[in-house]
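Below are the chains, spelled out letter by letter.
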Amino acid sequence: MTLIDLHNLSKTYTGKNGENIYALVDVSLTIKKGEVIGIVGESGCGKSTLGRALLRLIEPSNGEIIFEGNDLIHMNKRKMKAARKDLQIIFQDPFGSLNPRHKVGTIIGEPLVVHKVGNRQSQKQRVLELLELVGLPSDAGKSYPHEFSGGQRQRIAIARALALEPKLLVADEAVSALDVSVQSQIINLIADLRKKLNLSILFISHDLSVIRHVSDRVGVMYLGRIVEIGATEDIMNSPQHPYTQALLTAIPHVGKKRQQRIVLEGELPDPAHPPTGCAFHSRCSKVMDICRTKRPELAHQNGAPSTQSEVACHLY
Ligand code: SF4
């Protein structure tokens, strides 16, 4: 069952000199109930803009966000506040998002107070449940955020995000700031919570090796657009887009045989001046004449690994 449907979601900023900066361009995506979609791409590709625009933490410039049949973009403040209970986010830096002057119990219980859910007694009880759910001791609520490690702070942020029993969680680089061993603990926690709570998750990361552990499907973004999307297994084993192929070869020991690393030359182009044709053409080792003038549409192609697979590339 579909939980959220994005149609041509776009975000354009105005630069210092009045130029348009195309941060997010015509992204269409469906997230099913209980599904985890990984969004991957280099820094500046638009993945965090997608997560924030989806929740209307930044206002999209165009498009639709259909959440359980209603368009979030045209909701008034009162309805949007109610919808926010179902739509939560966790950020990369848990320390920055936790108020250092509040005790952890207050921080986790804050959404219940803001949305007037239950009374003081039931809110206290819910905080204890949430601490247990994320693997923190029951007395953790009496301490301050600085008394915890980075991984524990991310557990606190997750507990707060789950307080209102959301239907969708956006995890924006949620493990990027953590040590590798702690990363895997938090990834396991997220995977576990997803099963327990039937949560839908948009899991954003620059790191495919992280994304593959939690996601049912993966969307690869380049310069504000999704250039490939498919089941995680298909993306990992049979990537179609040359950009996805390059990202994959940067991960050691992925797939059945180890492939030679494809080094991406150059930088992500300036989103204020996107290249004509395929935005990846200036860095693509398989570029053809048509790539410089005609933008390939994201579509299912003959010979794709599955019916879910879509790619935007003239090679297919
Ligand atoms: Fe490369 Fe052309 Fe495909 Fe773009 S459309 S990824 S430039 S082959």
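Attention in this report is confined to the structure presented alongside it.

Thresholds applied
- Residues numbered from 1 in each chain as written.
- Predicted model: local features only at pLDDT ≥ 70, side-chain atom pairs only at ≥ 80, totals over all residues.
- Heavy atoms only, no water.
- Helix = DSSP H or I, 4+ residues; strand = E, 2+ residues; numbered from the N terminus.
- Buried < 20%, exposed > 50% of the residue type's maximum accessible area, 1.4 Å probe, protein only.
- Contact = heavy atoms within 4.5 Å.
- Areas by Shrake-Rupley, 256 points an atom, 1.4 Å probe, with all protein chains shown as cover.
- Lys, Arg positive; Asp, Glu negative; His and termini not counted.
- Charge placed at Lys NZ, Arg CZ, Asp CG, Glu CD.
- Salt bridge = Lys/Arg side-chain N within 4 Å of Asp/Glu carboxyl O.
- Polar contact = N/O pair within 3.5 Å; in protein donor to acceptor, adjacent residues only side chain to side chain.
- Axes fitted to C-alpha atoms, helices over the stretch in contact; angles between N-to-C directions.
- Parallel < 35°, antiparallel > 145°, perpendicular 65-115°, else oblique.
- Nonpolar A, V, L, I, M, F, W, Y, C, P; charged D, E, K, R; others polar.
- Pairing = 2+ DSSP bridges.
- 1 Å grid on protein atoms, 1.4 Å probe; cavity = no way out; pocket = protein on both sides within 12 Å on 5 of 7 lines; lining within 4 Å.
- Points joined across faces, edges and corners; volume = space filled by probe spheres on them.

Focus on the overall build of the protein
Scanning the protein from N- to C-terminus turns up 10 helices and 11 strands. Each principal axis of the C-alpha distribution contributes one length, and for the protein these read about 65 × 45 × 40 Å. Expressed as a percentage of the 316 residues in the protein, the buried residues total 52%. Long-range pairs, those at least 24 residues apart, make up 66% of the contacts in the protein with a sequence separation of at least 6. Counting only carbon and sulfur atoms, one obtains 47% of the accessible surface of the protein, whose full area is about 15,700 Å². Computed over 39 positive and 32 negative side-chain charges, the inter-centroid distance for the protein is 5 Å.

Considerations on the pattern of salt bridges
What the rule picks out here adds up to 14 salt bridges. For E173, the salt bridge is made with K47, and the minimal N-O distance between the two is 3.7 Å. Linking E173 in the loop between β7 (168–172) and α7 (180–197) with K47 in helix α1 (residues 47–54), this pair joins segments that are 126 residues apart in sequence. Grouping residues by exposure puts E173 and K47 together as buried. In this structure, D172 engages R52 in a salt bridge whose closest nitrogen and oxygen atoms are separated by 2.3 Å. Taken together, the residues D172 in strand β7 and R52 in helix α1 connect sequence positions 120 residues apart. When salt bridges with common partners are traced through the structure, they connect K33, E68, D86 and K167 into a single cluster.

Section: helix α4 (residues 104–114)
Those residues of α4 that fall on the buried side of the exposure criterion are V104, G105, I107, I108, G109, P111 and L112. Against α5 (120–133) and α6 (150–162) lie the buried residues of α4. The first or second residue beyond α4 is K116, which carries a positive phi of 50 degrees.

Quick notes on the side chain of R194
Structurally, R194 is set in helix α7. Separated by 2.5 Å, the side chains of R194 and D216 make a polar contact. Look past the residues within four positions of R194 in its chain and what remains in contact with it is G34, E35, V36, L199, I201, V214 and D216.

Quick word on the packing of α4 against α6
The N-to-C vectors of α4 and α6 enclose an angle of 30 degrees; their axes lie 7 Å apart at closest approach. With respect to α6, the element α4 is oriented roughly parallel. Together, V104, I107, I108, E110 and P111 of α4 and I156, A159 and R160 of α6 make up the contact between the two elements. By residue class, the composition of the contact of α4 with α6 is six nonpolar, no polar and two charged.

Things to note about the sheet that holds strand β5 (residues 70–71)
One open sheet accounts for four strands, arranged β2-β1-β4-β5; its pairing is antiparallel. A single partner strand is all that each edge strand has here, and the edge strands are β2 (20–32) and β5. Bridging between strand β1 (residues 2–14) and strand β4 (residues 62–67) involves five bridges; their strand directions are antiparallel. Across the sheet, the residue bridging to S10 is N62, located in β4. In this fold α1 packs onto β1, β2 and β4, with an angle of close to 115 degrees to the strand it touches most, β1.

Quick look at the layout of surface pockets
Approximately 540 Å³ is the volume attributed to the largest pocket. Along its surface, the largest pocket is lined by 29 residues, and V25, D26, R225, I226 and R295 are the ones closest to its centre. Among the elements of the structure, β2, β9 (217–222) and β10 (225–231) are those that each provide at least two residues to the lining of the largest pocket. At seven residues, β2 tops the list of elements feeding residues into the lining of the largest pocket. Its residues assigned to classes, the lining of the largest pocket shows 18 nonpolar, five polar and six charged.

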